[in-house]
Amino acid sequence: MSLLICSVGRDVSSTEEKARGDRNLRKANWTYKSLYRGDVARYRRKGTSSLGLDCRKQEISWEDSKKKRKQKGDGGADRYFSTASRHLLRSEPSVSVKPRVQTSSVNPLGIYDSSTALWLQGKGRQDEQKQITQVEESAAHVAGKTEEFNRHLREHPSDTQQWLQFIQYQVNKTKPKTCESSECKSKSSYKAVLEKKLSIAERAVAINPTCISLQLERLRICQELWEPSVLAKEWKKLVFLHPNSAPLWRRYLLFIQSYFSNFTVSKVNSAYGKCLSTLSAVLDGSMVSHSALPGTEEDMLDLFIQQCQFLRQAGHSEKAISLFQAMMDFTFFKPDSVKKLSTRQQVEFFEPFWDSGEARVGEVEARGWKAWMLQQERGGWLPPPTEDKEEEDEEEVKNRSQAKWKVWLDVESLREAAHWLPWRPDKAKGQTEEDCDDPDRQVLFDDIGSSLICLSSPELRLRLLLYFLSFLGLPVASILSEVSQPSLFLENLSVLTQGMISSVILFNTFLKVGNTHGNLSSIPITGKEPQRPLTSYDIPDLGVDSVGHMTTLQGKRKWVGLGRQGERFLTNMLSMLQPVLPPHHRASLTLSLLQYEKLKVLRSLHSGNKKRLHSQGKSSKRVVKRLLKEPDNRSSLILWREYAHLEWLLGNLVEARKVFSTASAMGGVKDLSGAALCELCLLWSQLELEEAAKEQSRLTDVTTSPAVCVLTKLAEGTSASFPFSQSLSPVSILKARKSYEQALAASLSDLEQSIKNSHYPAPPSPPCLVGCYALFQYLTVGVHAAVSVYSLKVLAVQQAALLKYHSSNSVFPLATLRQTLTSAISSWPSCALLWGIYVQVENRYHSAGRARRFFHSVTRDSGGVVPRLFAIVAEQQRKQLVDSAQRSCHYNEALPILPENGLGNRIRGLFETATKTEDGAHCPLLWRMYIHFLVRPIMPGLYMDAVQLFPEHLQEFIDLMMEKELRLRLPLEELDILLED
């Protein structure tokens, strides 16, 4: 086809010729299918005819570009991501080689395939028939099961457990299958299942309106269907109808805390106050419409502790301390004249004392509510003269050259560690409430009055006091061992590191993707064993930050204790409370205080600062000796045991052995029936065994072993004298073994008889006795004899630690240790100590499949967050090991470990799965670890994480904190003034 381009001629000879034809080819015209759109007029064609053509000889073929594209799209091959291709991939693979078809009457030549031959016989394909049969059987089973549920619920409509199982059955029978329609219809089918479950739940609630579990299940389903505002109204309606249900209140408070759009600290705090005041009215009979349920008083104490922990996590540590102070006065120093009144009336009498300015628990010259009321009746007393001790203010801004956000983080964490006590005006100095620089440091009675509760049980009073000590940072886990720690309080990595390494090492390991400057020998997790493999579990860590130290995730503390001001507060509180406590409760307080001093020595020891360790050792020894001089504590073997352990940690082995020997020779029970003596000798023998392993002096003759000598003298009823000059005779070892067997049989018999008679456990002599006997058998016979002794589940941690110690020092099959750990963890899936040993053992080997299967089996059956946390830590440690191996070797060298891909995606999947659980959604530690994994910063508390990650948005984050009423100690305006100074 020739192309005619018309243009104006520039050198035309004739003026009559206005245009000329240019027949020269232009290559630019072949670049596109048509001319440039600006040269050709656009028009829309109507019809297929054309003017000026001879219909008999000429014809024009019009091509439609839209039809072309449509035909091209329809006729082309399917891409790999198309629906048909995905369906083909899920189907069975096609067989490339056709099998030889057997001849038959209907297929004499063998030219028909099997399906055609079956069709000629009037039969269908066997696999299709089998699938159809399976589908029919499954449908029949579902219909039969549903009919069974309906029939049972029609006959027994009050069976709430059957209603809950019927609701759960809707999920099991509608699980998505791996087919094409499951992906495109998953959301709609899931919503349909939720609506069906909701209809069943509403029907169950209509029939059983008083059942709390059905109401909670209904609201749990509605959480994914309704708006938060509608859901909040339903929660308020439910707690109004059932004000006496403590579990319902606990779930409601968790909902209020997680309702972000309407969340403020004051609203949540008032909700806690309303909850506790309502339950108090139900308990004392003021609310006559509802009766108190069993265990309401204990639930009220748990809710009170949960409120204090919430205030501390929100930064309002002053309000939390004031709540504990008020509860101490309200519980232990209550006047006799108000004890018979209702809780609300007692709170009204307590308010004048709180507002009077009188010294409170923990403050100097505090006398208590009872003494104040008695003195008010006599006319009051004169305020004592106060000593003017001006404390030197530490300079807050140490480096003004840093970025603004770094200075803000440093000053904020410094004030959080120093200003956790409520501020009160000093009347002797003429101070008023207006002299306080930070109004949030003042606590009014309206903030705490509605949360005061009455505790009538002495055990609950002791538990309240121990919770206060734990809140201050004192170890009380050995005393409160029967109380489980909610996942809502977990926020520190120490729960994942106890018994293994320090939290600083694990924190650095957790953050690193790879060790770019070292090799495998520099990895602390898998290459080094703990220095105290048998006694590192002596003080369990709950994984909860103490007051004043909540902003540090990696374990770095400003002080090893509470600081100078906090230590004074603790001393004043204990000296005030001990006279009003019974003797056995005072012993618990003294034990917690001694363990606190030992914990401070351990922290100084881990810091590596010898000067700090020496100073802290002198201070702790002075406190412990002062406590042991008291008449009630002189004969307490438990306290002497702690003192000897403290001396051992300080490196004074000779002095520690003398203390152990002197304590074991004290008066009292000298045989194996004494629990305190067994605990003392068990710790002594464990320390001697660790010291022998540290010096690599493995003795082949057990008669000269100090640990065997201690355990043998215990069985004989005599004390082990130091130094160990004489060796034991084989006859004495045999007699000791016989004594252990008889004592253990008698203790287990008494334990079974006590359980049958009173349904309560016997005195705690069997655990320590079994521990001594097992260690004795391990040292004299072997590890298999020690394993056969452990018959009590409560000794699982000690048994696992002993087997791990033996496997690290001798040749020992791993299967025995793994079987011990897996069986114990299956019984106690929330025991962090067992999980720590299991992770440390499995990380020494290359294969991770067995550990992953075990983690999956435990997390599938358990709803707790502790197994999921350790599963994440195990994968993080493995990722660091693989990355370090790959980066430490050259490209042509062999790797010391098998490379593994996809660990990052696996870890992210574990985080996502854990955060979707009920306990994981409210666990601060899990969310902090997730943020660390995504961005890997070194940062303080959760609300400060965003500042560390995105410093350019500092103003926005501070505005959000102020909007939600989170505690802010350093406004940006004050920071500007500090930087200018």
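Computed from a predicted model, the values in this text were never measured in an experiment.

Peer 1: Tell me about the overall build of the chain, residues and numbers included.
Peer 2: Scanning the chain from N- to C-terminus turns up 42 helices and two strands. Out of the 981 residues in the chain, the part that is buried amounts to 45%. Partitioning the contacts of the chain with sequence separation of at least 6, the portion at a separation of at least 24 is 67%. Carbon and sulfur atoms make up 52% of the accessible area of the chain, which amounts to about 55,100 Å² in all.

Peer 1: For the packing of aromatic side chains, give the residues involved together with the corresponding values.
Peer 2: Using the criterion set out here, one finds 34 aromatic pairs in the structure. Plain terms: the ring middles of phenylalanine 149 and tyrosine 169 are 5.5 Å apart, the flat faces sit at 40° to each other, and that makes the pair tilted. With phenylalanine 149 in helix H4 (residues 126-155) and tyrosine 169 in helix H5 (residues 160-173), this residue pair connects regions lying 20 residues apart in the sequence. Like tyrosine 169, phenylalanine 149 is buried.

Peer 1: Describe a nonpolar patch on the surface, and please don't skip the residues or the numbers.
Peer 2: The grouping of Leu109, Ile111, Tyr112, Trp119 and Leu120 at the surface amounts to a nonpolar patch, some 590 Å² of accessible area in total. Summarising the element assignment, tyrosine 112 is placed in the loop between helix H2 (83-90) and helix H3 (114-120). By relative accessible area, which is 33% here, tyrosine 112 ends up partly exposed.

Peer 1: Which residues make up the pattern of salt bridges, and what values do they have?
Peer 2: A pair can form between side chains of opposite charge whenever their charged atoms are brought close. This model, assessed by the stated rule, comprises 22 salt bridges. Notably, a salt bridge pairs glutamate 918 with arginine 251, separated by 3.4 Å at the nearest N-O pair. Taken together, the residues glutamate 918 in helix H38 (residues 918-921) and arginine 251 in helix H10 (residues 246-258) connect sequence positions 667 residues apart. Connected through salt bridges with shared partners, the residues Arg218, Glu234 and Lys237 form a single ionic network.

Peer 1: Provide a residue-level description of unusual backbone geometry, including the pertinent values.
Peer 2: A positive phi angle, close to 60°, is found at glutamate 365, a residue other than glycine. With respect to the helices and strands, the residue glutamate 365 is situated in the loop between helix H14 (343-355) and helix H15 (369-377).

Peer 1: Outline helix H9 (residues 228-241), supporting the account with residue identities and numerical values.
Peer 2: In a regular helix each residue adds 1.5 Å, so 14 residues correspond to 20 Å; H9 covers 20 Å between its end C-alpha atoms and thus fits that length. Those residues of H9 that sit buried are Leu231, Ala232, Glu234, Trp235, Leu238 and Val239. All buried residues of H9 fall inside an arc of 160° around its axis, so they share one side. Looking at H9, the residues exposed on the side facing more than 90 degrees away from the buried face are Lys233, Lys236 and Phe240. As for H9, its buried residues are in contact with helix H8 (212-222) and H10.

Peer 1: With reference to specific residues and values, describe a negative patch on the surface.
Peer 2: Residues Glu348, Glu351, Asp355, Glu433, Glu434, Asp435, Asp437 and Asp446 make up a contiguous surface patch of negative charge. With three residues, H14 is the largest single contributor of residues to the negative patch. One can find aspartate 435 in the loop between helix H16 (404-418) and helix H17 (445-448). By relative accessible area, aspartate 435 is classed as partly exposed at 40%.

Peer 1: Kindly report on the environment of isoleucine 212, identifying the contributing residues and their values.
Peer 2: Along the chain, isoleucine 212 falls in helix H8. As a C-alpha pair, isoleucine 212 and serine 245 span 33 residues in sequence and 8.0 Å in three-dimensional space. When sequence neighbours within four positions are dropped, the list of residues in contact with isoleucine 212 reads His242, Ser245 and Leu248.

Peer 1: Give me the lowdown on the side chain of histidine 645, citing residues and values where you can.
Peer 2: Counting through the fold element by element, histidine 645 comes out in helix H25 (residues 637-649). When its relative accessible area of 2% is taken as the criterion, histidine 645 is described as buried. A polar contact of 3.1 Å, which involves the side chain of histidine 645, links it to the side chain of lysine 598. Excluding residues within four positions of it along the chain, histidine 645 makes contact with Asp538, Lys598, Phe660, Leu683 and Leu687.

Peer 1: Quick rundown of the confidence of the model for the chain? Include the residues and the values.
Peer 2: When pLDDT is low, close inspection of the predicted coordinates is not appropriate. Residue-level pLDDT values for the chain average 77, and 75% of them are 70 or greater. Every residue in residues 176-184 scores below 50 in pLDDT, and together they form nine contacts with partners more than four places removed in sequence or on other chains. With pLDDT under 50 throughout, residues 759-765 is counted as low confidence; its partners more than four residues away or in other chains account for 11 contacts.

Peer 1: Can you tell me about the packing of helix H22 (residues 563-577) against helix H23 (residues 583-607), naming the residues and giving the values?
Peer 2: Across the interface, H22 lies against H23 with an axial gap of 12 Å and an inter-helix angle of 160°. Taken together, the axis directions place H22 and H23 in an arrangement best described as roughly antiparallel. Like other packed secondary-structure pairs, H22 and H23 cross with a definite hand, here left-handed. Side by side, H22 and H23 meet where Glu567, Leu570 and Leu574 of the first sit next to Leu589, Leu593, Tyr596 and Lys600 of the second. A breakdown of the residues in the contact of H22 with H23 according to their chemical character gives five nonpolar, no polar and two charged.

Peer 1: Tell me about the environment of histidine 549, residues and numbers included.
Peer 2: Secondary-structure assignment places histidine 549 in the loop between helix H21 (524-527) and H22. Looking at histidine 549, the relative accessible area reads 6%, which means it is buried.

Peer 1: Explain the nonpolar core to me, and be specific about the residues and the numbers.
Peer 2: Counting 219 residues, the largest nonpolar core has Phe304, Leu472, Leu570 and Tyr740 as its most contacted members. In contact with leucine 570, not counting residues within four places along its chain, are Leu469, Leu472, Leu474, Leu562, Leu593 and Tyr596. Core analysis: the second largest hydrophobic core is formed by 14 residues, Val397, Met961, Leu970 and Leu975 among them.

Peer 1: Explain the environment of tryptophan 828 to me, using residue names and the numbers behind them.
Peer 2: In this fold, tryptophan 828 is placed in the loop between helix H33 (814-827) and helix H34 (832-842). As a C-alpha pair, tryptophan 828 and alanine 796 span 32 residues in sequence and 9.6 Å in three-dimensional space.

Peer 1: How would you summarise the side chain of glutamate 597 if you had to cite specific residues and measurements?
Peer 2: Along the chain, glutamate 597 falls in helix H23. One polar contact links glutamate 597 to serine 620, side chain to side chain, over a distance of 2.9 Å. Non-local contacts of glutamate 597, meaning those with residues more than four positions away in its chain, are made with Gln616, Ser620, Val623, Val624 and Leu646.

Peer 1: Before we move on, can you summarise helix H32 (residues 796-809) with the specific residues and values?
Peer 2: With 14 residues, H32 should reach 20 Å at 1.5 Å per residue; the first-to-last C-alpha distance of 20 Å fits that figure. Counting buried positions over the 14 residues of H32 gives 12, a clear majority of the element. Those residues of H32 not exposed but buried are Ala796, Val797, Gln798, Gln799, Ala800, Ala801, Leu802, Leu803, Lys804, Tyr805, His806 and Ser807.

Peer 1: Residue-level account of the packing of helix H18 (residues 458-472) against H22, with values.
Peer 2: At a minimum axis distance of 12 Å, the contact between H18 and H22 shows a crossing angle of 170°. When the axes of H18 and H22 are compared, the pair comes out roughly antiparallel. Between H18 and H22, the residues in contact are Leu465, Phe468, Leu469 and Leu472 and Phe569, Leu570, Met573, Leu574 and Leu577, respectively. A per-class count over the contact of H18 with H22 returns nine nonpolar, no polar and no charged.

Peer 1: Please give an account of a positive patch on the surface that cites residues and values.
Peer 2: On the surface, a cluster of positive charge is made up of Lys233, Lys236, Lys267 and Lys274. Note that lysine 236 resides in helix H9. According to the relative accessible area criterion, lysine 236 is exposed, its value standing at 52%.

Procedures and definitions
Residues numbered from 1 in each chain as written. Predicted model: local features only at pLDDT ≥ 70, side-chain atom pairs only at ≥ 80, totals over all residues. Heavy atoms only, no water. Helix = DSSP H or I, 4+ residues; strand = E, 2+ residues; numbered from the N terminus. Buried < 20%, exposed > 50% of the residue type's maximum accessible area, 1.4 Å probe, protein only. Contact = heavy atoms within 4.5 Å. Areas by Shrake-Rupley, 256 points an atom, 1.4 Å probe, with all protein chains shown as cover. Phe/Tyr/Trp six-rings, centres within 6.5 Å; stacked < 30°, edge-to-face > 60°. Patch = residues over 30% accessible without salt bridge, like charges linked within 9 Å, V, L, I, M, F, W, Y side chains within 5 Å. Salt bridge = Lys/Arg side-chain N within 4 Å of Asp/Glu carboxyl O. Expected span 1.5 Å × (residues − 1). Arc of directions from axis to C-beta. Lys, Arg positive; Asp, Glu negative; His and termini not counted. Charge placed at Lys NZ, Arg CZ, Asp CG, Glu CD. Polar contact = N/O pair within 3.5 Å; in protein donor to acceptor, adjacent residues only side chain to side chain. pLDDT = per-residue confidence, 0-100. Axes fitted to C-alpha atoms, helices over the stretch in contact; angles between N-to-C directions. Parallel < 35°, antiparallel > 145°, perpendicular 65-115°, else oblique. Left-handed = near helix turned anticlockwise from the far one by under 90°. Nonpolar A, V, L, I, M, F, W, Y, C, P; charged D, E, K, R; others polar. Core = buried A, V, L, I, M, F, W, Y, C linked by side-chain atoms within 4.5 Å.

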